[in-house]
Amino acid sequence: MTEEKAPSKGILKKFIIALVLIIIVLLGFTGFNYYLKYFGPNVTGKQEYLYIHTGATYDQVLKTIQEQDMVKDTASFNWAAVNMNYPKRVKPGRYHLHKGMGNRKLINMLASGTQAPVQLEFHGLRQKEQFAGFVSKKIEPDSTALINLLDSASYVAKYGFTTDNVYTMFMPNSYQLYWNTSPEKFFEKMYANYEKFWTPERKQQAAALNLTLPQVSILASIVDAEALHDDEMPAVAGLYLNRLKKGMTLDADPTVIFALNDFTIKRVLTRYLSYNSPYNTYLHKGLPPGPIMMPSVAAVKAVLNYQKNNYLYMCAKADFSGYHAFATNVADHLVNAHKFQQALNERNIMR
């Protein structure tokens, strides 16, 4: 009896060992598969950013990822996303994708809303429509949404502006913000920078000129449009302030060009000067109702720290250096103007 049972015990032992080995292999395979689905490299790197629009659903996010070939294995991403409860935690934004990123790291980034900020820089944009179009290419809100706020009298009044002068609120600078920033939040950020620029000292300088803060920027926009060189801005600012104090019209050519909305004009002809517009400073005394371009910070500072001079007239120099010939009287100004007109004729610049 003992000799007959011995082989059965040996077979049972081998069976148990084999079964254990199979279980270990299966557990190892399951664990490895689990590891790959969560931690294995999956992001292709074919797209640098994933943009998730405000209000987007998980299905829409998954469709974007699939259609733009952002991951190697969409099924494993979906499996990991569902297991990590991401479908209920979708957050809009602009997310930076790194090649080889695993599903777990990607989903944690998306679910926590850890966005890559947008760097926004602007300067010298002529009109608020142009500005809105430029900004809308950098953040989620479209230009219409931005223009609607710019043109809303009740909305801009909350910040102390009118629809004519609200453009003076936007100070040229380098800004960092999130892609899905709402139009209202965008305005708040711009106003915060505006308030930071207008220190008590600068406000006192504006008051000493008998100008409001928007008026300083409006004048700065004319100075900026006239002066091609920053070092000439204080002299130009001083000239225009002299004319304002004397109750003279500013007679600034750039305001006529702005009124005509034709920025291809290189020579302001006499017939243009009668164009009826509140922005035409040949027809109307004082400052126009709004800026004729986004003034640079240098131009605003030039107005606040203007050069004290007796200039009342200026004309571009005939050497086309970008500088001006200044005059304190009409006779000298006419001589300078004649020289410049001759130079224009010689170069066949007729408009």
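Cut-offs applied
- Residues numbered from 1 in each chain as written.
- Predicted model: local features only at pLDDT ≥ 70, side-chain atom pairs only at ≥ 80, totals over all residues.
- Heavy atoms only, no water.
- Buried < 20%, exposed > 50% of the residue type's maximum accessible area, 1.4 Å probe, protein only.
- Helix = DSSP H or I, 4+ residues; strand = E, 2+ residues; numbered from the N terminus.
- Arc of directions from axis to C-beta.
- Contact = heavy atoms within 4.5 Å.
- UniProt positions renumbered as here; feature names shortened; annotations may be inferred.
- Phe/Tyr/Trp six-rings, centres within 6.5 Å; stacked < 30°, edge-to-face > 60°.
- Lys NZ or Arg CZ within 6 Å of the ring centre and 35° of its normal.
- Core = buried A, V, L, I, M, F, W, Y, C linked by side-chain atoms within 4.5 Å.
- Domains from an automatic or database assignment.
- Salt bridge = Lys/Arg side-chain N within 4 Å of Asp/Glu carboxyl O.

**Observations concerning helix α6 (residues 143-150)**
- Those residues of α6 that fall on the buried side of the exposure criterion are Leu 146, Ile 147, Leu 149 and Leu 150. Summarising the axial view, the buried residues of α6 lie within an arc of 160 degrees, below the 170-degree limit, and thus occupy one face.
- Each element contacted by the buried residues of α6 is listed here: α5 (128-136), α7 (153-157) and α8 (183-197).

**Quick word on the UniProt feature "site: Important for catalytic activity" (unreviewed entry) in the protein chain**
- With numbering matched to this structure, UniProt assigns "site: Important for catalytic activity" (unreviewed entry) to Glu 226.
- One can find Glu 226 in helix α10 (residues 213-226).
- Taking the relative accessible area as the measure of exposure, Glu 226 reaches 14% and is therefore buried.

**Considerations on the packing of aromatic side chains**
- Applying the stated rule across the entire model yields 23 aromatic pairs.
- Ring geometry for Tyr 51 versus Trp 179: centroids 5.1 Å apart, planes at 65 degrees, classification edge-to-face. One end of the pair, Tyr 51, is in strand β1 (residues 49-52); the other, Trp 179, is in the loop between β4 (173-177) and α8, and 128 residues separate them in sequence.
- Accessibility expressed as a relative area gives 36% for Tyr 51, which makes it partly exposed.
- Trp 179 gets classed as buried once you look at its relative accessible area, which sits at 7%.
- Here the aromatic rings of Phe 320 and Phe 340 are separated by 5.7 Å at their centres, their planes lie at 45 degrees, and the arrangement is tilted. Linking Phe 320 in the loop between β5 (313-316) and β6 (324-327) with Phe 340 in helix α14 (residues 330-346), this pair joins segments that are 20 residues apart in sequence.
- The ring centre of Tyr 49 lies 3.7 Å from the NZ or CZ of Arg 94, which sits over that ring.
- For Arg 202, the ring lying beneath its charged end belongs to Phe 197, and the centroid distance is 4.1 Å.

**Considerations on the nonpolar core**
- One finds Phe 122, Phe 131, Phe 170, Phe 186, Phe 187, Trp 198 and Tyr 240 to be the most contacted residues of the largest nonpolar core, which totals 59 residues.
- Of all the elements, α10 adds the most residues to this core, at seven residues.
- Built from parts of two domains, this core gets at least three residues from each of domain 2 (121-197) and domain 3 (200-311).
- By size, the runner-up hydrophobic cluster in this structure holds 22 residues, among which are Val 43, Ala 80, Tyr 86 and Met 101.

**Notes on the pattern of salt bridges**
- Enumeration over the complete set of coordinates arrives at five salt bridges.
- The shortest N-O distance in the salt bridge between Glu 67 and Lys 63 comes to 3.9 Å. On the criterion of helical spacing, the pair formed by Glu 67 and Lys 63 is a turn pair, its members being four residues apart in helix α2 (residues 58-67).
- Glu 67 gets classed as exposed once you look at its relative accessible area, which sits at 58%.
- We classify Lys 63 as partly exposed; its relative accessible area is 49%.
- Asp 251 is paired through a salt bridge with Arg 243; the nearest N and O atoms lie 3.2 Å apart.
- A residue is classified by how much of its surface remains accessible, and Asp 251, at 27% relative accessible area, is partly exposed.
- On the basis of relative accessible area, Arg 243 is assigned to the buried category, the value being 4%.

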